Amino acid sequence: MKIEDVMNICVVGAGNMGHQIAVCCALAGYKVICTDISQEMLNKAEGFAKSYLPERVVKGKLTQEQADNALANLRFTPSLEEAAGEADFVIEAAVEKMDIKRKLFADLDRIAPSHAILATNSSYIVSSQVADATKRPDKICNMHFFNPALVMKLVEVVQGPHTSTETAQITMDLSAKLGKIAVWLKKEIYGFLVNRILSALAQEALFLADMGIATPQEIDLAVTNALGHPMGPFRLMDLTGIDLSYYSAMERYQTSRDPKDKPSPLVVEKYTKGEWGKKTKKGYYTYE
């Protein structure tokens, strides 16, 4: 298969990442079906597309024709069979839980055409942990977008030991077609490139906050004003979701059984309270 053979894309998951990836693919001219088990999430995703695209026209970022074509390219359905049945490329953007991802990939392997590439957008779970749930491990890889996917340019393409060079190359090519800048990791490593660097920063920031040395807001001020980062680690956690930080840390701890990999007490507190960041209107900051 070559990039020219990719015409139909399935996006699994209509959350913050999934619905933006779906719109991104539709804007690039692909026929896209976004699916989710939650009809509420699908309704929100469709509402986002129907408001975002006209707003871009008003701002002069898109022509009316581009917006109309993208909307025409985009469909939403709760049926995985309908979404993946004719897909050439699948991007899984479901919750960061191993059991859910493994079942999804087993289902996708059964439903999607045999030539289809199945990529996971997971930010931490490497594709070798789901590849053996399928009969096409050579067509499984990581295609990791950054939040917000419509804005952030980078995509990390991770080639596991099971992933064929053809699969990795097509994923790189697709990233370019979507207007992204892709980096090709030739080996799997936990956290990939960017999140390993961010994780080291976030762990130290959480340690300082947990110890009462400074507040999350003060730490963010220090990072933005001294290091020149566009946002501090706590503001970033609010954006990506504190629930994601919790799930990722728990997955890591369940694998390593190393107490230092447990989620920070501050993350556990926020997760337990349902204060997951921007998506719940409250995290380390409050959002109107």
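Because the structure is a prediction, the values reported are computed rather than measured. (Residues numbered from 1 in each chain as written. Predicted model: local features only at pLDDT ≥ 70, side-chain atom pairs only at ≥ 80, totals over all residues. Heavy atoms only, no water.)

**Looking at the packing of aromatic side chains**
What counts is decided by this rule: Any two of the Phe, Tyr and Trp rings considered here, Trp counted by its six-membered ring, make a pair once their centres fall within 6.5 Å; the pair's planes then place it as stacked at under 30 degrees, edge-to-face at over 60, or tilted in between. Numbering of helices and strands starts at the N terminus; helices are DSSP runs of H or I of at least 4 residues and strands are runs of E of at least 2. Three labels apply to residues, based on accessible area from a 1.4 Å probe with only protein chains included: buried if under 20% of the type maximum, exposed if over 50%, partly exposed otherwise in between. We call a charge positioned over a ring when the NZ of a Lys or the CZ of an Arg lies within 6 Å of the ring centre and within 35 degrees of the ring normal.
Tallied over the entire structure, the rule returns 7 aromatic pairs. Their ring planes at 15° and their centres at 5.2 Å tell us that Phe-48 and Tyr-52 sit as a pair that is stacked. One end of the pair, Phe-48, and the other, Tyr-52, are both in helix H2 (residues 39-58), 4 residues apart, so they sit about a helical turn from each other. The exposure class assigned to Phe-48 is partly exposed, which follows from its relative accessible area of 21%. Ring centres of Tyr-247 and Tyr-271 lie 5.6 Å apart, and the angle between their planes is 75°; on these two criteria the pair is classed as edge-to-face. In this pair, Tyr-247 sits in helix H11 (residues 242-256) while Tyr-271 sits in helix H12 (residues 265-273), placing the two residues 24 residues apart along the sequence. For Tyr-247, a relative accessible area of 13% puts it in the buried group. Members of the aromatic cluster, joined through ring pairs, are Tyr-246, Tyr-247, Tyr-271 and Trp-276. Cation over ring: Arg-235 sits above Tyr-285, and NZ or CZ is 3.6 Å from the ring centre.

**Topic: the UniProt feature "domain: 3-hydroxyacyl-CoA dehydrogenase C-terminal" (unreviewed entry) in the chain**
Applied cut-off: UniProt positions are given in the numbering used here, feature names are shortened, and annotations may be inferred rather than shown by experiment.
With numbering aligned to this structure, UniProt lists the feature "domain: 3-hydroxyacyl-CoA dehydrogenase C-terminal" (unreviewed entry) at residues 191-287. Segment residues 191-287 splits into 62% helix and 0% strand. End C-alpha atoms: 28 Å apart.

**Digging into the nonpolar core**
The following threshold applies: Among the buried residues, those of types Ala, Val, Leu, Ile, Met, Phe, Trp, Tyr and Cys that are joined through side-chain atoms within 4.5 Å form a nonpolar core. Every residue pair with non-hydrogen atoms within 4.5 Å of one another is taken to be in contact.
With 42 residues, the main nonpolar core has Ile-9, Ile-21, Val-32, Phe-89, Met-143 and Phe-145 as its most contacted residues. Not counting the four nearest positions on each side in its chain, Val-32 is found in contact with Ile-9, Val-11, Ala-22, Cys-25, Ala-26, Asn-73, Leu-74 and Arg-75. With 20 residues, the next largest nonpolar core counts Ile-33, Leu-80, Leu-118 and Val-130 among its residues.

**Quick notes on the pairing of strand E6 (residues 140-145)**
As a reminder of what qualifies: A pair of strands is treated as paired once DSSP finds two or more bridges between them.
Among the 6 residues of E6, 6 are classified as buried, and the element is accordingly described as predominantly covered. Burial along E6 is two-sided: Ile-140, Asn-142 and His-144 and Cys-141, Met-143 and Phe-145, pointing in opposite directions, are all buried. In this sheet, E6 lies alongside strand E5 (residues 117-120) in parallel orientation, the contact comprising 3 bridges. Across the sheet, the residue bridging to Thr-120 is Asn-142, located in E6. In the sheet, E6 pairs with strand E7 (residues 154-158) via 4 bridges, with the strands oriented antiparallel. In the sheet register, His-144 faces E7, and the bridge partner there is Glu-156.

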